Amino acid sequence: MTDWPLIVVKQGLHGTLMVLFGLASFALYTLPGHERRSAFALRVWLSGSAGVGLLLSAALLVLMAAGMAGTTPLGVDRETITMVATAPGVGAAFMVRMSALVLALLVARRAASTVPLVVVAVAGGVALGSLAWNGHGAMNEGIAGWTQLGAVIAHLLAAGIWIGALVALLLLVARRATRTTRAHLIISHRALHGFSSAGTLAVGVLVVSGLFSSWVLVGPDNLDSLGASLYGQLLLAKLALFGLMLVLAGLNRLHLTPAFAGALNTGDTRRSVGALRRSLAIETLCALAILGLISWAGTLAPPASGDPEAQPQKVAGPVELLGKLNG
């Protein structure tokens, strides 16, 4: 039976920590110090992300303990929760994540200054990277296992850079026309232009690390039958949405941002800002959908795991595949 609460909590935790790390990083490489207070409510978003991240991390721990004990979250006992929280790998990652999020929450109220903002970004990156121990990235041992874990961490951080920037840019262009000044429009255009280099780097890391992880988790022998398993179908859907995000990102960079710059010169920016707002909103929705697909796929055994139920030729249909979900 599909454990939807676990999938939803994982999706929310991934998204929240990506916003925390990505927003803090975006403010560092895009916004000068005096603009971090006026561009959008940076400190509120960072504090909120850290706080929600703490709650979702605790909820994930309880759901994992309940799944291990074969009971409901309300029925799980303290001993099982403690055992999961202190277990090697997952437990250590949980403790590191909680410590990093507490630090980020304490420092976020001063995040308009550079040094506290660096602390929040590093803490957010550590918290985000710790999620690698909760998925398939930690399924192998030895050098191969550490290589795979490193690829997953790089993938998470690159995704955080991109998703955090999407949220920041959407906040910048989402102001009502009556509250938007020319100075704010100039900040928005400079932020759009400033993200281009970081965005290109993030996409490159996503592609390389994603290809490596897919090769390890799927296996070359299973590529021709990828669509025959639920895991493969989720992966293909993720790739389709990622391709759409690349198209939208290219449209923003090559057409919408230059059009916005031209509109700044004429003073009529309503149409160009509206087009940017719609494009960024669609791109953000695609990112949220991808996080949901990843969270779902994380509850399935990948084709290369050696699990007979994960092999396409062994699966009779979606009922058997859904039965594989183990939380």
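So, the overall build of the chain
Alright, step 1. For the chain, the helix and strand inventory stands at 10 helices and 0 strands.
Alright, step 2. Reading the secondary structure of the chain in the N-to-C direction produces α-α-α-α-α-α-α-α-α-α.
Alright, step 3. With 327 residues in all, the chain has 49% of them scored as buried.
Alright, step 4. Only carbon and sulfur atoms are counted for the fraction: they give 68% of the accessible area of the chain, which is about 15,400 Å².

What about a nonpolar patch on the surface?
Alright, step 1. Taken together, the side chains of Val96, Val118, Val122 and Val126 present a nonpolar region at the surface, about 290 Å² in accessible area.
Alright, step 2. The element best represented in the nonpolar patch is helix α5 (residues 114-129), accounting for 3 residues.
Alright, step 3. Along the chain, Val118 falls in helix α5.
Alright, step 4. A relative accessible area of 36% means that Val118 is categorised as partly exposed.

So, the confidence of the model for the chain
Alright, step 1. On average, residues of the chain carry a pLDDT of 85, and 89% of them reach 70 or more.
Alright, step 2. The low-confidence segment residues 311-327, where pLDDT is below 50, has 33 contacts with residues more than four positions distant or belonging to other chains.

Thoughts on the packing of helix α4 (residues 90-107) against α5
Alright, step 1. Contact pair α4 / α5: the axes reach a minimum separation of 8 Å and the direction vectors enclose 160 degrees. Judged by the angle between their axes, α4 and α5 are roughly antiparallel. The handedness of the crossing between α4 and α5 comes out as left-handed. For the pair α4 and α5, the contacting residues are Val96, Arg97, Ala100, Leu101, Leu103, Ala104 and Val107 in the first and Pro116, Val119, Val120, Ala123, Val126 and Ala127 in the second.
Alright, step 2. Tallied by class, residues from the contact of α4 with α5 come to 12 nonpolar, no polar and 1 charged.

Here we look at the side chain of Arg97
Alright, step 1. Examined against the element boundaries, Arg97 turns out to sit in helix α4.
Alright, step 2. The buried charged residue Arg97 lacks any salt bridge partner; its closest oppositely charged side chain belongs to Asp3, at an N-O distance of 16 Å.
Alright, step 3. Once residues within four sequence positions are removed from consideration, Arg97 is found in contact with Leu13, Leu17, Ser57, Ala127, Ser130, Leu131 and Asn134.

A look at the environment of Ala249
Alright, step 1. By the element assignment, Ala249 lies in helix α8 (residues 230-266).
Alright, step 2. Along the backbone, Ala249 and Thr200 are 49 residues apart, and their C-alpha atoms lie at a distance of 9.6 Å.
Alright, step 3. With near-sequence residues (within four places) excluded, Ala249 lies in contact with Trp162 and Glu283.

What to know about the packing of aromatic side chains
Alright, step 1. Within the structure shown, the criterion is met by 3 aromatic pairs.
Alright, step 2. Centroid distance Trp162 to Phe242: 5.8 Å. Interplanar angle 75 degrees. Geometry classified as edge-to-face. Of this pair, Trp162 sits in helix α6 (residues 142-173) while Phe242 sits in helix α8, and the two are 80 residues apart along the sequence.

Side note on the side chain of Ser209
Alright, step 1. On the secondary structure map, Ser209 appears in helix α7 (residues 182-218).
Alright, step 2. Other than its neighbours up to four places away in sequence, Ser209 contacts Ala151 and His155.

What to know about α4
Alright, step 1. Relative to the 26 Å expected for 18 residues at 1.5 Å per residue, α4 spans 26 Å between its end C-alpha atoms, a close match to the ideal helical length.
Alright, step 2. Residues of α4 that are buried include every one of Gly91, Ala93, Phe94, Arg97, Ala100, Leu101, Ala104 and Val107, and no others.
Alright, step 3. Contact partners of the buried residues in α4: α1 (4-30), α2 (42-69), α3 (78-85) and α5.

A short note on the environment of Leu246
Alright, step 1. Its place among the elements puts Leu246 in helix α8.
Alright, step 2. Note on Leu246: relative accessible area 34%, which makes it partly exposed.
Alright, step 3. Considering only alpha carbons, one finds Leu246 and Val203, 43 residues apart in sequence, at a separation of 8.4 Å.

What to know about the environment of Leu23
Alright, step 1. Assignment of secondary structure puts Leu23 in helix α1.
Alright, step 2. Between the alpha carbons of Leu23 and Leu42 there is a distance of 7.8 Å; along the sequence they are 19 residues apart.

About the cut-offs
Residues numbered from 1 in each chain as written. Predicted model: local features only at pLDDT ≥ 70, side-chain atom pairs only at ≥ 80, totals over all residues. Heavy atoms only, no water. Helix = DSSP H or I, 4+ residues; strand = E, 2+ residues; numbered from the N terminus. Buried < 20%, exposed > 50% of the residue type's maximum accessible area, 1.4 Å probe, protein only. Areas by Shrake-Rupley, 256 points an atom, 1.4 Å probe, with all protein chains shown as cover. Patch = residues over 30% accessible without salt bridge, like charges linked within 9 Å, V, L, I, M, F, W, Y side chains within 5 Å. Salt bridge = Lys/Arg side-chain N within 4 Å of Asp/Glu carboxyl O. pLDDT = per-residue confidence, 0-100. Contact = heavy atoms within 4.5 Å. Axes fitted to C-alpha atoms, helices over the stretch in contact; angles between N-to-C directions. Parallel < 35°, antiparallel > 145°, perpendicular 65-115°, else oblique. Left-handed = near helix turned anticlockwise from the far one by under 90°. Nonpolar A, V, L, I, M, F, W, Y, C, P; charged D, E, K, R; others polar. Lys, Arg positive; Asp, Glu negative; His and termini not counted. Phe/Tyr/Trp six-rings, centres within 6.5 Å; stacked < 30°, edge-to-face > 60°. Expected span 1.5 Å × (residues − 1).

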